[in-house]
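Here's the letter readout for the chains.
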Amino acid sequence: MSEAMNAADYREVNFDGLVGPTHNYSGLAHGNVASMSHGGLVSNPREAALQGLVKMKALMDAGYAQGVLPPQQRPDLGALRSLGFTGSNREVLARAASEAPQVLRAVCSASSMWTANAGTVTPSRDAPDGRVHFTPANLQSSFHRFLEPETTARVLASIFRDESRFAHHPALPATPAFSDEGAANHTRLCGDHGEPGVHLYVYGRQAFGGGPGERRAPKRFPARQTLEASQAVARQHGLDEAQMVFAQQHPDAIDAGVFHNDVIAVGNGPVLLYHAMAFLDEQGTLDALRAKMVTPLIPVRVPSEAVSLDDAVASYLFNSQLLSNPDGSMTLVVPGECQERESVWRAIQDHLLAGHNPIGEVIVKDVKQSMRNGGGPACLRLRVVLSAAERTSLTGRVLLTDGLYSELTAWVERHYRDRLAPDDLADPQLADETLTALDELTRLLEIGSVYPFQLG
Ligand code: SUG
């Protein structure tokens, strides 16, 4: 058997995004209820980064493979210059703060922490050329996130450098027809991680074809993922019909604040945990999956009577991480907000833990700083299924160990502020602090030069 065919060698590695030093609440994300309602609050970047690291450490300690991805360079001075702000860095920041404060806030967002939106990944097990395939998401729906893919592509290419094992594709054209938000709208269903998978792509709207009014679309908030974008990513990665299912997200869910599918559904192995309002055609989606999967699908449906759509959005129950254990059971990593909402906590006990499904344990993690911007445990991680050989061929120190955890914690404590109000973003000192911190981080992670300021 060739190295790539040994199913037991494969593990899912969750690559969490380290929260950057400019983490703040600017209310930038339209359709994301948490971001919209917390805009203007004072954030605590240090606490945010430490909460993320504590989650990573807890999962590493519990035996899961845990990786880390660096934050991006913010404020994005290059973006400000491209918008006509000239002069020294200080002058650029000062002019942006007085003439276009909203633009300054956007170029300071630490949104790259939500690595579920960094890109879409296809494991080597499913790709025809036996390599792991990556497409950075274009994130064209919002200006602050549209700034991410260029550096994301460099970071991924730097870590997954070995061309004989890893293939990198360009982000899709950054235009509404190919609006792509990455793995947050993609779920791989399979037996064990090393067995062949079926790829479920969930989209919010279709850009081409059909007449006006023919398709149901959200009325209040934008649909961020198009069918055409999902199809193009699958095409780039070489998947064929038998390996993929496309399903439309329920427009009413988008209008209730479900801006990504991972706010309403999560899959792992053969399990698909989802809310009754996740898909426009629930039965059709399940049937299509069943028809293509080798392993029987295990749907775990949570009805609206058990958890309302509003409670699902407020608690982020479905933005949990569902992780496989060696004994075949699964662990659900939920945000603290699930414990604070009675109906949700009850549904976890009665519906999930006591139900007929592999979910045998719930771990609660506090990621409140990220949650206030609409990012739960599952948003904070990019899932990459890797064989043992692929794991050993990564470049840099990106797989978490006790030593790396201590160094990253000390790095955060050395460089991060514990208080940041939107008005503080104009402080030129913050930009200097960030560059110093990031330069040190690339050395600590041994990933080479990935930031614009390092590339000259
Ligand atoms: O794109 N929030 C992000 C949250 C992304 C969550 N990711 C997943 N569901 N996978 C977004 O809406 C808010 C930033 C601000 O307001 O400053 C923000 O971009």
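Scroll up a little and you will see the structure.
Report follows, based on the coordinates. (Residues numbered from 1 in each chain as written. Predicted model: local features only at pLDDT ≥ 70, side-chain atom pairs only at ≥ 80, totals over all residues. Heavy atoms only, no water.)

Here the focus is the site of the ligand. Looking at the ligand, there are 20 residues lining it, with L28, S35, H144, D262 and C379 nearest. With respect to the ligand, the side chain of N117 contributes an N or O atom lying 3.0 Å from a nitrogen atom. In this structure, an oxygen atom belonging to the ligand sits 2.7 Å away from a side-chain N or O atom of H144. When isolated, the ligand has an accessible area of 490 Å², and the protein chains bury 100% of it. In terms of residue class, the shell around the ligand is made up of 7 nonpolar, 10 polar and 3 charged. (Near = heavy atom within 4 Å. Polar contact = N/O pair within 3.5 Å; in protein donor to acceptor, adjacent residues only side chain to side chain. Areas by Shrake-Rupley, 256 points an atom, 1.4 Å probe, with all protein chains shown as cover. Nonpolar A, V, L, I, M, F, W, Y, C, P; charged D, E, K, R; others polar.)

This brings us to the pattern of salt bridges. Charged atoms that come close allow side chains of opposite charge to pair. Taken as a whole and judged by the stated rule, the model has 25 salt bridges. A salt bridge links D61 to K57; its shortest N-O distance comes to 2.8 Å. A residue pair is termed a helical-turn pair when its members lie 3 or 4 positions apart in one helix, as D61 and K57 do in helix α2 (residues 45-61) at 4 residues. In this structure, the salt-bridge partner of R224 is E181, at a minimum N-O distance of 3.1 Å. Here the residue R224 occupies a position in the loop between β7 (198-203) and α8 (227-236), and E181 occupies one in the loop between β5 (166-168) and β6 (186-189), the gap between them amounting to 43 residues. Beyond isolated ion pairs, a larger network of salt bridges with shared partners links K57, D61 and D402. (Salt bridge = Lys/Arg side-chain N within 4 Å of Asp/Glu carboxyl O. Helix = DSSP H or I, 4+ residues; strand = E, 2+ residues; numbered from the N terminus.)

This next bit is on helix α5 (residues 101-108). Here α5 has its buried residues at L104, A106, V107 and C108. Buried residues along α5 sit in contact with α3 (77-82), α4 (89-99) and α6 (143-146). (Buried < 20%, exposed > 50% of the residue type's maximum accessible area, 1.4 Å probe, protein only. Contact = heavy atoms within 4.5 Å.)

Let us look at the packing of aromatic side chains. Counted by the stated rule, this structure contains 9 aromatic pairs. Both rings, one in F134 and one in F166, keep their centres 6.3 Å apart while their planes meet at 65°; by these two values the pair is edge-to-face. Of this pair, F134 sits in strand β4 (residues 132-136) while F166 sits in strand β5; the two residues are 32 residues apart in sequence, bridging distant segments of the chain. Judged by its relative accessible area of 1%, F134 is buried. Among the aromatic side chains, those forming a connected cluster through ring pairs are F15, F134, F160 and F166. (Phe/Tyr/Trp six-rings, centres within 6.5 Å; stacked < 30°, edge-to-face > 60°.)

Among the 5 residues that make up strand β10 (residues 271-275), 5 are buried, leaving the element largely enclosed by the rest of the structure. The alternating pattern of β10 places V271, L273 and H275 and L272 and Y274 on opposite faces, both of which are buried. Relative to β10, strand β9 (residues 265-268) runs antiparallel, the two sharing 4 bridges. Looking across to β10, one finds that A265 is bridged to Y274. A loop of 2 residues connects β9 with β10, the two strands running antiparallel in sequence, and G269 in this loop sits at a positive phi of about 55°. What joins β10 to strand β11 (residues 298-302) is helix α10 (residues 282-292), and the crossover it makes is right-handed. (Pairing = 2+ DSSP bridges. Right-handed = clockwise from strand over helix to strand, strands pointing away.)

This part is about the pairing of β7. Most of β7 sits inside the fold, with 6 of its 6 residues counted as buried. The alternating pattern of β7 places V198, L200 and V202 and H199, Y201 and Y203 on opposite faces, both of which are buried. Both β6 and β7 contribute to a ladder of 4 bridges, which runs antiparallel. By the bridge assignment, T187 is partnered in β7 with L200. By the bridge criterion, 5 bridges tie β7 to strand β8 (residues 244-248) in an arrangement that is parallel. Directly across from L200, in β8, lies its bridge partner V245.

What follows deals with the sheet that holds β6. Within the open sheet, the 3 strands sit side by side as β6-β7-β8. Their pairing is mixed. The open sheet is flanked by β6 and β8, the only strands paired with a single partner. With strand direction ignored, the average angle separating the axes of adjacent strands in the sheet is 20°. Contacts from α8 reach β7 and β8 within the one sheet, and its direction differs from that of β8 by about 165°. (Axes fitted to C-alpha atoms, helices over the stretch in contact; angles between N-to-C directions.)

A few words on the sheet that holds β4. Strand order in the open sheet formed by 3 strands is β3-β4-β5, with mixed pairing between adjacent strands. Each of the sheet's edge strands pairs with one partner strand only, and the pair in question is β3 (119-122) and β5. Strand after strand, the sheet turns through a mean of 20° between neighbouring axes, direction not considered. Pairing analysis gives 3 bridges linking β4 to β5, with the strands arranged parallel. Within the sheet, the bridge partner assigned to V132 lies in β5 and is F166.

By themselves, these are just geometric observations and shouldn't be taken as functional.
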